[in-house]
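What follows is the residue order along each chain.
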Amino acid sequence: MASSSAQLFIPYSESAQGPWIVRRASLPLGRYASQAAAIAAAEALAPGLSDSLGRPVEIHVQQADGTWEEHTYVVAGLVPGLPPPSTGMNRHA
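In this text, all values refer to a predicted model and were calculated from it rather than measured experimentally.

Rules and cut-offs
- Residues numbered from 1 in each chain as written.
- Predicted model: local features only at pLDDT ≥ 70, side-chain atom pairs only at ≥ 80, totals over all residues.
- Heavy atoms only, no water.
- Phe/Tyr/Trp six-rings, centres within 6.5 Å; stacked < 30°, edge-to-face > 60°.
- Helix = DSSP H or I, 4+ residues; strand = E, 2+ residues; numbered from the N terminus.
- Polar contact = N/O pair within 3.5 Å; in protein donor to acceptor, adjacent residues only side chain to side chain.
- Buried < 20%, exposed > 50% of the residue type's maximum accessible area, 1.4 Å probe, protein only.
- Pairing = 2+ DSSP bridges.

1. With respect to the packing of aromatic side chains
In step 1: Within the structure shown, the criterion is met by two aromatic pairs.
In step 2: A centroid spacing of 5.6 Å and a plane angle of 85° characterise the contact between Phe 9 and Trp 68, whose relative ring orientation is edge-to-face. Taken together, the positions of Phe 9 in strand β1 (residues 6–10) and Trp 68 in strand β5 (residues 68–72) put the pair 59 residues apart, joining distant regions of the chain.
In step 3: Geometrically, the ring pair formed by Tyr 12 and Trp 20 is edge-to-face, given 5.4 Å between the ring centres and 90° between the ring planes.

Right under this line is the structure:
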């Protein structure tokens, strides 16, 4: 059964200088010098990926303790007429 959303992952990097890698499954989509840059890149990739796949994109960020958090963000005009989703992180064990 197909997932209802596409997934982007940003694994934790032990080094402050990175690389922070944005992945879709096992495929690396880009390498970045900071977690913030990787998150920004994933946010920029998500709308195009969503359009091409016809489903929403979720971004998951791994924390230093190994847990994954779902990163949520607002894309202006993505779903007209609906209230914007909350922003922030949702923790996954």
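So that's the structure; there's more coming.
2. Regarding the side chain of Thr 67
In step 1: The topology assignment puts Thr 67 in the loop between β4 (57–62) and β5.
In step 2: One polar contact links Thr 67 to Asp 65, side chain to side chain, over a distance of 2.7 Å.

3. Things to note about the pairing of β4
In step 1: Extensive coverage of β4 is indicated by the burial of five of its six residues.
In step 2: Note: β1 against β4, five bridges, orientation parallel. Bridging from a neighbouring strand, Gln 7 pairs with Glu 58 of β4.
In step 3: Pairing of β4 with β5 involves four bridges; the strand directions are antiparallel. For Ile 59, the partnering residue across the bridge sits in β5 and is His 71.
In step 4: Between β4 and β5, which pair antiparallel in sequence order, lie five residues; one of them, Gly 66, sits at a positive phi of approximately 95°.

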